[in-house]
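Next come the chains, spelled out residue by residue.
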Amino acid sequence: MKKVYINSIASISPQKTFDNTIFLDEITDYNDTVIFAVDPDYKQYIPPAAARRMAKGIKMGVVASKIAMEEAGIETVDAIITGTGMGCMIDSEKFVSAIIDNNEQYLTPTSFIQSTHNTVAGQVALGMECKAYNFTYVHSAISFESALLDAKMQLENDEAHHILVGGVEELGDHTTKVHRVVNHIKPKPVTISTVLNSKTKGAVFSEGANFFVVSNEKKESCYAELVAVETFNTLQKEKVSETIESFLTENNLKIEDIDVVVFGNNGDVDFDTYYNQLSEGNLSKTQQVFYKHLVGENNTVSAFGVWLGSKILKTQTIPEIVKINEIKIPEIRTVLCYNQYRGQNHSLVLLKK
Amino acid sequence: MGKGVAITGMGIISAIGNNVLENYDALINGRKGITRVENIETIQRDEIMVGEIKFTNDELIARLNLPPENNYSRTAMLGAIAAKEAFTNAGITNIKKYKTGIVSGTSVGGMDMTEKYYYEYLTEKAPQKYIESHHAGDSTQKIAEQLGIEESLVTTISTACSSAANAIMLGARLIQSGKLDRVLVGGADCLSKFTINGFKTLMILSDTYNTPFDENRKGLNLGEAAAFLVLESDKVVKAENKKVLAYVKGYGNANDAFHQTASSENGDGATLAMEKALKIAGLNPSEIDYINAHGTATGNNDLSEGRAILRVFGANLPEFSSTKAFTGHTLAAAGAIEAVYSVLALQNNVIFPNLNFKTPMKEFSMIPQTELKEKELNTVLSNSLGFGGNCSTVIFSKEA
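Residues numbered from 1 in each chain as written. Chains lettered and ligands numbered in written order. Predicted model: local features only at pLDDT ≥ 70, side-chain atom pairs only at ≥ 80, totals over all residues.

A. Local environment of the overall build of chain B. What chain B contains, in helices and strands, is 13 helices and 15 strands. For 400 residues, the compact-globule formula gives about 21 Å, and the C-alpha radius of gyration of chain B, at 20 Å, lands near that figure. Dimensions of chain B, computed from the C-alpha atoms along their principal axes, are close to 60 × 55 × 40 Å. When each of the 400 residues of chain B is scored for burial, the buried share is 65%. Pairs at least 24 apart in sequence give 80% of the contacts found in chain B among residues at least 6 apart. (Helix = DSSP H or I, 4+ residues; strand = E, 2+ residues; numbered from the N terminus. Rg over C-alpha atoms; globule rule 2.2 N^0.38 Å. Buried ≥ 20, exposed ≤ 12 C-beta atoms within 10 Å, placed from the backbone. Contact = placed C-beta atoms within 7 Å.)

The structure is reproduced here in structure tokens:
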């Protein structure tokens, strides 16, 4: 079995992360319940006429994939695999509301065509003229991890050499309103420093695109080795610790071997307990970091966690803004990412230097 | 891949039957399930024909014995019915005994409820329970809940009309790589105003019975369905002394990279998908005994797919047919529906007819099999092609 490497990264998020030469150097503080991605200069990557037709998710996905390809220094890939929990919300909303508002009349196909979940992967393939394997996973908070797992299996078996993997999510106005009604979104605005201790239900909703080139050969640009990916449709709170331990055992590691753990806390008082029990329990002596206070919550934001872990491993630095505790580590060799959303769809991703 | 992955169970619900037996009976008796739409209020009613499952949502709730406060979308309910049949058929009683997962395909997901309560969600309390059922993964989570699959790999693929074929592909990979011992693979999609109107705007819906590969084809009939296969590792098959229905022998996936919704004229993506599947199966085109074509009966698909089939098979073209005239095009579920039909074809050594065909297409001389035909079958190749250029092929075989 071949080893799998993360050879490049790209992130478009509510922070200015699309420039790979910096690492959370400038932070945008928000005081809100919904935060949007910081736009890169799309014109630099997509012809304006084409960009006008694209909803934000498609633009973010296409540009993030181009940044990742550029950094990896490759022109094409053997597979394009994306994850998106909610899919193309903007075009879906446009088409549903048009159906209802006009009683199924005077409809045009554009928004329908662009509403399917595989639009981003299809557009990336079109842009690259890449006829290779093309998949889109749509399983809530593990959509990205499913894509990553698929890529990893193909690379390990040497069925592919380079695979573009990404997660993308866009905000749709109506969907946001609807999720407010059921308290999935925080009732009051919070800032970066107050979100974790807000003691309220719900999260700060967000959007973004995180893409990676993963390969079974190491490039100069390499960030990390992707050691393992595991997902769980359900997991009782009481079983998270032992599940992590057996996951590590399977990979010949112990808790003490983890130098940094990346948590997916989002400040939801009902569900952050999944992480809190670990930070106070078997991972209390490990350096813990988090990121959703900076980039919010969405179905594929856990890809940002992998982005963060990769960046930490490559630069051997941990920005103060993401630290939960302070542990001295001489060398960062192993990073574990743990995420879940509303108590379901848990994921573990293990990265090594 | 050499050795195939064992299929040990299957389940289906479609416009032509509520289980595998009923579907088979309809297929061999040429009984199609295409009618006017009854369960959805739509102004398009008199302009389209659909492959609809005639149970109302309340009837499906009763059938699954769901509590009144449930928030199952129609996709989830159809999926649960087919998944349960597949598990029963595979003789699975102890879920926990082996590492068991699910890979399902859907395109509609919970859109049926979203379009029904779109604005009501903001003001009415009662329908708000369905807000969380909208996302595509929810239907798969519900199927897992119905089968008692916990703490496992459960995921969903949405690659439009090739979703379920891709689910089968990933499932086979998961078994081969040893990630899972047993995996339920397939797909589910219900009819919705969203897809009815979407395809209507693309002007590819027929106002009468769809006629795959016919010169005068007028477009597709949308359908709804769910189907699942149980794939099991050799270890499980041996330990449990399982009866193997057939094998997933090969698979291929490629992207047409031509247009967001239309297929390239020469079917580049479909050609690549079939070639890859044959390579993985270690088979020559001449060793394929029957092609279950995607054959949606749209102008574009049948021409593009037909050309691709000719490119791959040339003079070795075996019998081929599309079963969409029976069921309609069931979108993300189609690959699973046709996987069940492919296995039935292998089990019974029979080729199902391509109904409603009259006039050969002028672009080539391909004539589908129009009558039920008995023939010793060892291999069946099934195509699923979709929006976004997604092209998939799965090859099923009698022998491993």
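B. Fine view of the overall build of chain A. Secondary structure assignment for chain A yields 11 helices and 10 strands. Scaling as 2.2 N^0.38, a compact globule of 353 residues should have a C-alpha radius of gyration of about 20 Å, and chain A matches this with 19 Å. Projected onto its principal axes, the C-alpha coordinates of chain A cover approximately 60 × 45 × 35 Å. Every one of the 353 residues in chain A was classed for burial, and the buried ones make up 58%. Counting contacts in chain A only where the partners sit at least 6 residues apart, residues at least 24 apart contribute 80% of the total.

C. Structural view of the interface of chain B and chain A. Taken together, the contact between chain B and chain A spans 53 residues of the former and 51 residues of the latter. Contributions of two or more residues to the side of chain B that touches chain A are made by helix 4 (111–117), helix 5 (120–123), helix 6 (136–147), strand 5 (154–157), helix 7 (163–176), helix 8 (193–201), strand 9 (246–255) and helix 10 (268–281) of chain B. Counted by class, the side of chain B that touches chain A contains 19 nonpolar, 27 polar and 7 charged residues. (Nonpolar A, V, L, I, M, F, W, Y, C, P; charged D, E, K, R; others polar.)

D. Representation of helix 11 (residues 299–313) of chain B within the structure. Residue and element names in this part refer to chain B. The terminal C-alpha atoms of helix 11, which comprises 15 residues, lie 21 Å apart, in line with the 21 Å expected from a rise of 1.5 Å per residue. Check the buried side of helix 11 and you find it contacts helix 10, strand 10 (290–292), strand 11 (319–321) and strand 14 (379–385). At the exit of helix 11 stands Gly-314, carrying a positive phi of roughly 45°. (Expected span 1.5 Å × (residues − 1).)

E. Seen up close, unusual backbone geometry. All names here are of chain A. Residues other than glycine seldom take positive phi values, yet Glu-129 does so here, at roughly 50°. Residue classification places Glu-129 among the exposed positions, given that 11 C-beta atoms sit within 10 Å. You will see that Lys-199, though not glycine, has its phi angle at about 55°, which is positive.

F. Structural context of the packing of helix 2 (residues 57–64) of chain B against helix 3 (residues 74–89) of chain B. Residue and element names in this part refer to chain B. Where helix 2 contacts helix 3, the two axes come as close as 10 Å, and the packing angle between them is 40°. Compared by their axis directions, helix 2 and helix 3 come out oblique. Crossing hand, helix 2 versus helix 3: left-handed. Contacts between helix 2 and helix 3 involve Asn-57, Leu-60, Arg-63 and Leu-64 from the first element and Arg-74, Met-77, Ala-80 and Ile-81 from the second. (Axes fitted to C-alpha atoms, helices over the stretch in contact; angles between N-to-C directions. Parallel < 35°, antiparallel > 145°, perpendicular 65-115°, else oblique. Left-handed = near helix turned anticlockwise from the far one by under 90°.)

G. Quick peek at the sheet that holds strand 7 (residues 222–223) of chain B. Residue and element names in this part refer to chain B. One open sheet holds the 3 strands; their spatial order is 2-3-7, and the pairing between them is mixed. At either end of the open sheet lies a strand with only one pairing partner, and these are strand 2 (34–35) and strand 7. Note: strand 3 (residues 50–51) against strand 7, 2 bridges, orientation parallel. Bridge pairing in strand 7 places Val-50 opposite Leu-222. (Pairing = 2+ DSSP bridges.)

H. Seen up close, the pairing of strand 14 of chain B. Residues and elements named next belong to chain B. The buried fraction of strand 14 is high, at 7 of 7 residues. The two faces of strand 14 match: Thr-379, Leu-381, Asn-383 and Leu-385 on one face and Val-380, Ser-382 and Ser-384 on the other face are all buried. In terms of strand pairing, strand 10 meets strand 14 through 3 bridges, oriented parallel. Opposite Ile-291, over in strand 14, you have Leu-381 as the bridge partner. As defined by bridge partners, strand 14 adjoins strand 15 (residues 390–397) across 7 bridges and the pair is classed as antiparallel. Its bridge partner lying in strand 15, Ser-384 is registered against Ser-392. If you look at the hairpin formed by strand 14 and strand 15, you'll find 4 residues sitting between the two strands, and Gly-388 has a positive phi there, around 80°.

I. How the structure looks around the packing of helix 3 of chain B against helix 6 of chain B. All names here are of chain B. Between helix 3 and helix 6, whose axes approach to 9 Å, the crossing angle comes to 40°. Taken together, the axis directions place helix 3 and helix 6 in an arrangement best described as oblique. Regarding helix 3 and helix 6, the two cross each other, and that crossing is right-handed. Across from Thr-75, Ala-76, Gly-79, Ala-80, Ala-83, Lys-84 and Phe-87 in helix 3, the residues of helix 6 making contact are Asp-138, Ser-139, Lys-142, Ile-143, Gln-146 and Leu-147. Residue composition of the contact of helix 3 with helix 6, grouped by class: 6 nonpolar, 4 polar and 3 charged.

J. How the structure looks around the environment of Ala-293 of chain B. Residue and element names in this part refer to chain B. Its location among the elements puts Ala-293 in the loop between strand 10 and helix 11. Residue Ala-293 is classed as buried on the basis of its 29 C-beta neighbours within 10 Å. As a C-alpha pair, Ala-293 and Ser-382 span 89 residues in sequence and 5.8 Å in three-dimensional space. If near-sequence neighbours (up to four positions away) are discounted, Ala-293 is found in contact with Glu-305, Ile-309, Phe-320, Ser-321, Ser-322 and Asn-383.

K. The arrangement of the environment of Ser-146 of chain A in detail. Along the chain, Ser-146 of chain A falls in helix 6 (residues 143–156). For Ser-146 of chain A, a count of 29 C-beta atoms within 10 Å gives the class buried. Remark: the alpha-carbon pair of Ser-146 of chain A and Ile-58 of chain A, spanning 88 residues in sequence, is separated by 20 Å. The residues touching Ser-146 of chain A, leaving out its near neighbours within four places in the chain, are Gly-83, Tyr-137, His-139 and Thr-231 of chain A together with Thr-155 of chain B.

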